[in-house]
Amino acid sequence: IALGLSYGVWRVTSSLTGSPPWLALPLLAAELFLFLIYALDVWATWRDADVTATRAGASGSCAVVVTAYSEPETVVRTTLLACGELRGCVSDNIYLVDDAHRADLEHLAERFGVNYVARHNPTGGRAGATAHGLAMVDTDFAVVLSADQVPHRDLIERALSEFEDDVAVVQVRLDYANTDSVIHTSRTDHDESWQFDVIAPAADARGAASWSSSGAVVRTEAVSAIGGHPVDSLSGELHATVRLQAAGWRVRYLNEALVTGLAPHNLPSFITQRMGWARGQLQLLVSSDSPLWKPGLTIAQRLQHIHTAAAHLTAVAYATIGVALLIALTQGIMPLRPSVVGVGLFGLWLIGATAGRLAIGNGTLARGSTVARNLIMLELRLRALWMVLRRDSRRAGA
């Protein structure tokens, strides 16, 4: 960060003379924005030594809401089998919410003695299905799962032990069964290891964890208090997190692999998933629930949500740098005035930032391991931003 600040001071004070403002200023803004994102990354991953705290825990009835859209019947069957083995839940409190209204899933639910719910007007995608299922249960707590997520039999017991009076959601770590997926760099490491092992535990330590996906146990009273699960976003859980935190509730992250799901196995499924995430997180930034202006959030919660969404805006900064370099190479127009000091500071900053990112990744990031996927994410994030700015309401994959 010190090296980045030194380079930034040189850029502002000594590199702009003689360069056209229409080219020099956007490039400078892009570089400064990337530095701010790096500083946010460091903040988001920084935490003190773990302190073991005694949780009050909670008890009460618990239901399971499984949302199904396009998952094969064999995958749904595996999930329902595992739900039937959950400690602390009976089949009468398991709800299979089916957006596609498939006869095979209806027969499957009947066979396992669980409640089958067909949404005849499946608006809101998976967020709408989650909201529909949560509105039907009358228990104190509910497990929220996608139809391709298999819960560990101790999920409810472990999650309830993390609840306190002001905790609304316990988000658990997700593990992946298909270790040969497109996001895996080894059998144990994948693109989300950075989020699961570094970002989320640090956020939890500062009271800024998020309900980020299915694979969570929620307090139904708290969800009802904010008007139910949001259905007008591709990241309904993030909108729900902001509303819960603004109302004084907390979200906790349990870093135990108590749910096993399926990672995107090929490139098309990867693009569909990440496009949905990018659009949903950017939607949060410009919505009425935006952490930029939502009252009631702590500073840590506000910065954590901004960090999540602003990461997608790095695509604009990288594109700006690429265009500036292209103009310099093809037109001979220099976007900055170089010097020996500037080149030296830039080199030191680049080396320091690379080493620093590997260090804060705590072993979850490998240099160059995701270059191809990062290039895909660049174009994907630009498209997601364009769709959000156009207020394009099509669902992911449409």
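Everything numeric in this text was worked out from a predicted model, so none of it was measured. (Residues numbered from 1 in each chain as written. Predicted model: local features only at pLDDT ≥ 70, side-chain atom pairs only at ≥ 80, totals over all residues. Heavy atoms only, no water.)

1. Comments concerning the overall build of the chain
In step 1: Along the backbone of the chain there are 14 helices and eight strands.
In step 2: Computed over its C-alpha atoms, the radius of gyration of the chain comes to 23 Å, within 12% of the 21 Å expected for a compact globule of 398 residues.
In step 3: Oriented by its inertia axes, the alpha-carbon framework of the chain measures out at about 75 × 45 × 40 Å.
In step 4: Split into buried and exposed, the 398 residues of the chain put 50% on the buried side.
In step 5: Nonlocal contacts in the chain, meaning residues at least 24 apart in sequence, comprise 80% of its contacts between residues at least 6 apart.
In step 6: Of the accessible surface of the chain, which amounts to about 18600 Å², a share of 59% is contributed by carbon and sulfur atoms.
In step 7: Mean positive and mean negative side-chain charge positions of the chain (32 and 36 charges, respectively) differ by 9 Å. (Helix = DSSP H or I, 4+ residues; strand = E, 2+ residues; numbered from the N terminus. Rg over C-alpha atoms; globule rule 2.2 N^0.38 Å. Buried < 20%, exposed > 50% of the residue type's maximum accessible area, 1.4 Å probe, protein only. Contact = heavy atoms within 4.5 Å. Areas by Shrake-Rupley, 256 points an atom, 1.4 Å probe, with all protein chains shown as cover. Lys, Arg positive; Asp, Glu negative; His and termini not counted. Charge placed at Lys NZ, Arg CZ, Asp CG, Glu CD.)

2. Re the packing of helix H2 (residues 21-45) against helix H13 (residues 340-360)
In step 1: Running from N to C, H2 and H13 point in directions that differ by 25°, and their axes come no closer than 10 Å. Here H13 runs roughly parallel to H2, going by the angle between their axes. Like other packed secondary-structure pairs, H2 and H13 cross with a definite hand, here left-handed. Contacts from Phe 35, Tyr 38, Asp 41, Val 42 and Thr 45 in H2 reach Trp 349, Gly 352, Ala 353, Gly 356, Arg 357 and Ile 360 in H13.
In step 2: By residue class, the composition of the contact of H2 with H13 is six nonpolar, three polar and two charged. (Axes fitted to C-alpha atoms, helices over the stretch in contact; angles between N-to-C directions. Parallel < 35°, antiparallel > 145°, perpendicular 65-115°, else oblique. Left-handed = near helix turned anticlockwise from the far one by under 90°. Nonpolar A, V, L, I, M, F, W, Y, C, P; charged D, E, K, R; others polar.)

3. Some words on the nonpolar core
In step 1: Grouped together as the largest cluster of nonpolar side chains are 73 residues, with contacts concentrated most on Val 64, Leu 96 and Trp 211.
In step 2: Residue contacts for Leu 96: discarding those within four places in its chain leaves Val 66, Ala 68, Val 76, Leu 80, Leu 105, Ala 109, Asn 115, Tyr 116 and Val 117.
In step 3: Residues Leu 23, Phe 35, Leu 336 and Leu 345 belong to the second largest nonpolar core, which totals 17 residues. (Core = buried A, V, L, I, M, F, W, Y, C linked by side-chain atoms within 4.5 Å.)

4. Overview of the packing of helix H9 (residues 236-246) against helix H10 (residues 267-286)
In step 1: It is the contact of H9 with H10, at a shortest axis distance of 9 Å, that shows an interaxial angle of 30°. Taken as axis vectors, H9 and H10 run roughly parallel relative to one another. Judged by residue contacts, Leu 238, His 239 and Val 242 of H9 engage Gly 280, Gln 281, Gln 283 and Leu 284 from H10.
In step 2: Grouping the constituent residues of the contact of H9 with H10 by class yields three nonpolar, four polar and no charged.

5. Describing the environment of Val 167
In step 1: Mapped onto the elements of the fold, Val 167 is located in strand S6 (residues 167-176).
In step 2: C-alpha of Val 167 to C-alpha of Glu 73: the two residues are 94 residues apart in sequence and 35 Å apart in space.

6. With respect to the pairing of strand S1 (residues 62-68)
In step 1: Across the seven residues of S1, seven count as buried, placing the element largely inside the fold.
In step 2: Burial along S1 is two-sided: the residues Cys 62, Val 64, Val 66 and Ala 68 and Ala 63, Val 65 and Thr 67 are all buried.
In step 3: Pairing of S1 with strand S4 (residues 141-146), which is carried by six bridges, proceeds in the parallel orientation. Counterpart to Val 65 in the pairing with S4 is Val 144. (Pairing = 2+ DSSP bridges.)

7. Structural notes on the pattern of salt bridges
In step 1: Within the structure shown, the criterion is met by 17 salt bridges.
In step 2: Its salt-bridge partner being Asp 166, residue Arg 250 comes within 3.0 Å of it at the nearest N-O pair. Residue Arg 250 is found in strand S8 (residues 250-261), and its partner Asp 166 is found in the loop between helix H6 (155-160) and S6; the two are separated by 84 residues along the sequence.
In step 3: Connected through shared salt-bridge partners, Arg 158, Glu 162, Asp 204, Arg 252 and Glu 256 make up one network. (Salt bridge = Lys/Arg side-chain N within 4 Å of Asp/Glu carboxyl O.)

8. Digging into the environment of His 265
In step 1: Inspection of the secondary structure assignment puts His 265 in the loop between S8 and H10.
In step 2: Counting along the chain gives 67 residues from His 265 to Gly 332, while the straight-line C-alpha distance between them is 44 Å.
In step 3: If we ignore the near neighbours within four places in the chain, the residues touching His 265 are Asn 178, Asp 180, Ser 181 and Val 182.
In step 4: Of the polar contacts made by the side chain of His 265, one reaches the side chain of Asn 178; its length is 3.5 Å. (Polar contact = N/O pair within 3.5 Å; in protein donor to acceptor, adjacent residues only side chain to side chain.)

9. Observations regarding the packing of aromatic side chains
Each aromatic ring pair is characterised by the separation of its centres together with the angle its planes make.
In step 1: Using the criterion set out here, one finds six aromatic pairs in the structure.
In step 2: Taking 5.4 Å as the distance between ring centres and 90° as the angle between the ring planes, the aromatic pair formed by Tyr 38 and Trp 349 counts as edge-to-face. Residue Tyr 38 is located in helix H2, and its partner Trp 349 is located in helix H13; the two are separated by 311 residues in the primary sequence. Both residues of the pair, Tyr 38 and Trp 349, belong to the buried class.
In step 3: With centroids separated by 6.4 Å and ring planes inclined at 35°, the aromatic side chains of Tyr 176 and Phe 196 adopt a geometry described as tilted. Placement of Tyr 176 in strand S6 and of Phe 196 in helix H7 (residues 193-205) is noted, with a sequence separation of 20 residues between them. Summarising the burial analysis for this pair, Tyr 176 and Phe 196 share the class buried.
In step 4: The structure contains a cluster of three or more aromatic residues connected by ring pairs, namely Tyr 7, Trp 10 and Phe 346.
In step 5: Against the face of Trp 43 rests Arg 206, its NZ or CZ located 4.1 Å from the ring centre. (Phe/Tyr/Trp six-rings, centres within 6.5 Å; stacked < 30°, edge-to-face > 60°. Lys NZ or Arg CZ within 6 Å of the ring centre and 35° of its normal.)

10. Describing H10
In step 1: The first and last C-alpha atoms of H10 sit 29 Å apart over 20 residues, in line with the 28 Å expected at 1.5 Å per residue.
In step 2: Looking only at H10, the buried set comprises Phe 270, Arg 274, Met 275, Gly 276, Ala 278, Arg 279, Gly 280, Gln 281, Leu 282, Gln 283, Leu 284 and Leu 285. (Expected span 1.5 Å × (residues − 1).)

On their own, these measurements won't tell you what the molecule is for.
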